[in-house]
Amino acid sequence: MLGISAQSGFSLLIALWILKVSTAELQHRFDIELPETVKQLLTYTRNFVEFCSYQALNMVSRNPDYLSDPEFRRLMYDMMLAWEAPCVETEPENKESPSYINEELEDEDGSSLFHFSSTNLAVQVDDKKTIGPEAFARIAPACPVVADVIIVHNLFDALTSSSSHRLHFLIFDKYLRSLDKVVKVAKNALGLSISNLQLDEGEITLDVDGAVPTQPVLQHVGMSAWPGRLTLTNYALYFGSLGMGSYDKAVRYDLATDLKQVIKPELTGPLGARLFDKAVMYNSSSVEEPVYFEFPEFKGNSRRDYWLDICLEILRAHRFIRKNNFNKIQQSEVLARAVLGIFRYRAIREAFHTCSSQYKTLLAFNLAESLPKGDIILETLSSRLALLSVGGAQHDMTESLHTKQKLKLSPVAILTLGQLGFNSQKESNLGAGVEVVGDICVGETNLLEIAVKKSISDTGRVEAAQATVNQVKVEGIDTNLAVMKVDFR
Ligand SMILES: *[C@@H]1O[C@H](CO)[C@@H](O)[C@H](O)[C@H]1NC(C)=O
């Protein structure tokens, strides 16, 4: 039998209950479906925790409202705890026996996803327990809205910056609740013609700023400035100026087609003066002169920095698409990845009121662009996208799921958006009867994660070299001062 700890046991029972199979059957499936390499003595239990967790998360995320379910959030966290301490040997004494779960498991007809009450759960929750980066990186990307393998370590850093690199349940829970809110806001905007926008099919509103008339976005063109509302979608920026108490028809600034777009931070001020570092410049061959969007705020420029980041992410995702001549499904998958990334970034920003300069980027295409060896990430992503299969892997027990994972990948980001309720007509039948084979496989490091690690370690050397140069300069000043002192004597 498996040497499973109480913590893992707890998660496994829930996982089994969701999957509606016995431990023996699940273990049998694990034994026949997965290669010997992941079933070595030392890693067997941890990989079995991964196997059960991935299957259970896959199942749970078919419910469109899973992010709102407190027990889903708890389950995911427990899976990470279980991953950290999968074996009896590594687990300190756990006095609470999860025996009541067994009773509840037998009761089959409840409406909730999980039967036990949250008060019962609270007994199980040990708030002193926290999660480290590896457990987070192994479990979170199995639910693609929660994390992407490319930025999963940066996301962990952002979530743990104030808790000495350990993730607490309350922070994780707050992040997921915020993510749920962001997704709902975006979903509500889908059918509406807000800001007098005429959105295309499949166009998703990612964020809106300036909707409160007291905090508008200012659009500068030449000498004139006008307050209004700025909207970013996965294809374009829209600015609707505030006329007599209402918004005029919005002007569209394209981010998708190749119009030699340039987006960068800029200075603006009244009457064309360059005073405040709070603007984003948009230039392209389709505008007569560059347009500046100013994001006034009392202190700092984090509002601008955020908008700069998310606009660049969309622009870069489209560039990546054009450069690789992707087909329709691959294009949608790339954009869906960018969309999910922006949802996550927005969720972190809104939940923790942090600004982007406090952590490394949470946006995959921005990350690839900012690292000197970021090309490796994009090349790896591109070769993975080449393996996309439209139908995904069918749920078929006779063939090894693991073998299929090697040959075919599902468009996980598209399917995830679909599960969350962003289905466009074309893509709505993609997910039917499909077992999502995600970015992450039991016991294996994703190639994308390896590519990110490689480009970061190369960057580390660049930064180290830079630091040495800076130090030399400082020492140079000191030396000069010393020389001056000598002269004055
Ligand atoms: C704006 O873009 C156009 C077209 O690429 C270019 O000709 C023009 O010089 C650019 N203007 C500025 C100020 O960058």
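Residues numbered from 1 in each chain as written. Predicted model: local features only at pLDDT ≥ 70, side-chain atom pairs only at ≥ 80, totals over all residues. Heavy atoms only, no water.

Let us look at the overall build of the protein. Within the protein, the secondary structure is distributed over 16 helices and 10 strands. Counting every position in the protein, which comprises 489 residues, the buried fraction comes to 53%. Taking all contacts inside the protein whose residues are at least 6 apart in sequence as the whole, residues at least 24 apart take part in 67%. For the protein, the accessible area works out to roughly 23300 Å², and carbon and sulfur atoms hold 56% of it. (Helix = DSSP H or I, 4+ residues; strand = E, 2+ residues; numbered from the N terminus. Buried < 20%, exposed > 50% of the residue type's maximum accessible area, 1.4 Å probe, protein only. Contact = heavy atoms within 4.5 Å. Areas by Shrake-Rupley, 256 points an atom, 1.4 Å probe, with all protein chains shown as cover.)

Across all of its chains, the model carries 18 salt bridges by this definition. A salt bridge links Arg 138 to Glu 50; the shortest N-O distance between them is 2.8 Å. Linking Arg 138 in helix 7 (residues 133–139) with Glu 50 in helix 3 (residues 44–60), this pair joins segments that are 88 residues apart in sequence. Salt-bridge contacts for Asp 173 lead to Arg 73; the nearest nitrogen and oxygen are separated by 2.6 Å. (Salt bridge = Lys/Arg side-chain N within 4 Å of Asp/Glu carboxyl O.)

A separate point is the environment of Ser 241. Looking at where Ser 241 falls in the secondary structure, it is placed in strand 4 (residues 236–241). With a relative accessible area of 16%, Ser 241 lands in the buried category. What Ser 241 contacts, discounting residues up to four positions off in sequence, is Trp 226, Pro 227, Gly 228, Ser 246, Tyr 247 and Asp 248.

This part takes up the nonpolar core. Among the nonpolar cores identified, the biggest contains 118 residues, and Phe 136, Leu 232, Phe 293 and Phe 343 are the most heavily contacted of them. Sequence-distant contacts of Phe 136, defined by excluding residues within four places in its chain, comprise Met 80, Ile 131, Pro 141, Val 152, Leu 155, Phe 156, Leu 159, Leu 167 and Phe 172. (Core = buried A, V, L, I, M, F, W, Y, C linked by side-chain atoms within 4.5 Å.)

What follows covers helix 8 (residues 152–160). In an α-helix, one turn spans 3.6 residues, which is why side chains three or four residues apart end up on the same side. Of all 9 residues making up helix 8, 7 are buried, and the element is well covered by its neighbours. Among all positions in helix 8, only Val 152, Asn 154, Leu 155, Phe 156, Ala 158, Leu 159 and Thr 160 are buried. Buried positions along helix 8 lie against helix 7, helix 9 (169–188), helix 11 (328–352) and helix 12 (364–370).

This part covers the pairing of strand 2 (residues 217–221). In terms of strand pairing, strand 2 meets strand 3 (residues 224–233) through 5 bridges, oriented antiparallel. By the bridge assignment, Val 221 is partnered in strand 3 with Ser 224. Between the antiparallel neighbours strand 2 and strand 3 lie 2 residues, among them Gly 222 with a positive phi of about 60 degrees. Where strand 2 and strand 8 (residues 291–294) come together, 4 bridges link them in antiparallel fashion. (Pairing = 2+ DSSP bridges.)

Here we come to helix 2 (residues 23–33). Among the residues making up helix 2, those that are buried are Leu 26, Gln 27, Arg 29, Phe 30 and Glu 33. On an axial view of helix 2, the arc spanned by its buried residues comes to 155 degrees, and they lie on one face. Projecting away from the buried face of helix 2 at angles above 90 degrees are the exposed residues Ala 24 and Ile 32. (Arc of directions from axis to C-beta.)

This part takes up the confidence of the model for the protein. Mean pLDDT for the protein: 78, with 72% of residues reaching 70 or above. Every residue in residues 391–399 scores below 50 in pLDDT, and together they form 19 contacts with partners more than four places removed in sequence or on other chains. In the predicted structure, residues 465–489 sits below a pLDDT of 50 and forms 0 contacts with residues beyond four places in sequence or in another chain. (pLDDT = per-residue confidence, 0-100.)

Attention shifts here to the packing of helix 10 (residues 302–324) against helix 11. For the pair helix 10 and helix 11, the least separation of the axes is 9 Å and the interaxial angle reads 170 degrees. As far as their axial angle goes, helix 11 and helix 10 are roughly antiparallel. The hand of the helix 10/helix 11 crossing is right-handed. Every residue of helix 11 that contacts helix 10 at Ser 302, Arg 303, Tyr 306, Asp 309, Ile 310, Glu 313, Ile 314, Ala 317, His 318, Phe 320 and Ile 321 is listed here: Gln 331, Val 334, Leu 335, Ala 338, Ile 342, Tyr 345, Arg 346 and Arg 349. (Axes fitted to C-alpha atoms, helices over the stretch in contact; angles between N-to-C directions. Parallel < 35°, antiparallel > 145°, perpendicular 65-115°, else oblique. Left-handed = near helix turned anticlockwise from the far one by under 90°.)

It is at 8 Å that the axes of helix 9 and helix 11 come closest, and there the two elements cross at 120 degrees. Compared by their axis directions, helix 9 and helix 11 come out oblique. Like other packed secondary-structure pairs, helix 9 and helix 11 cross with a definite hand, here right-handed. Between helix 9 and helix 11, the residues in contact are Ile 171, Lys 174, Tyr 175, Ser 178, Leu 179, Val 182, Val 183, Val 185 and Ala 186 and Phe 343, Arg 344, Arg 346, Ala 347, Ile 348, Glu 350, Ala 351 and Phe 352, respectively.

Here Ser 164, not a glycine, exhibits a phi torsion of approximately 35 degrees, which is positive. Looking at where Ser 164 falls in the secondary structure, it is placed in the loop between helix 8 and helix 9. A relative accessible area of 68% means that Ser 164 is categorised as exposed. The phi dihedral of Lys 260 is positive, around 55 degrees, even though this residue is not glycine. Its location among the elements puts Lys 260 in the loop between strand 5 (251–254) and strand 6 (262–268).

A few words on the packing of aromatic side chains. One pass over the full model with this rule turns up 18 aromatic pairs. A centroid spacing of 5.9 Å and a plane angle of 20 degrees characterise the contact between Phe 295 and Trp 307, whose relative ring orientation is stacked. You can see Phe 295 sitting in the loop between strand 8 and helix 10 and its partner Trp 307 sitting in helix 10, a full 12 residues away along the chain. By the burial criterion, Phe 295 is buried, and Trp 307 matches it. One aromatic cluster is present, formed by Tyr 77, Phe 136, Phe 156, Phe 169 and Phe 172 through successive ring pairs. Over the ring of Trp 83 we find Arg 46, and its NZ or CZ is 3.8 Å from the ring centre. Positioned above the aromatic ring of Phe 169, the side-chain terminus of Arg 74 is 4.2 Å from the ring centre. (Phe/Tyr/Trp six-rings, centres within 6.5 Å; stacked < 30°, edge-to-face > 60°. Lys NZ or Arg CZ within 6 Å of the ring centre and 35° of its normal.)

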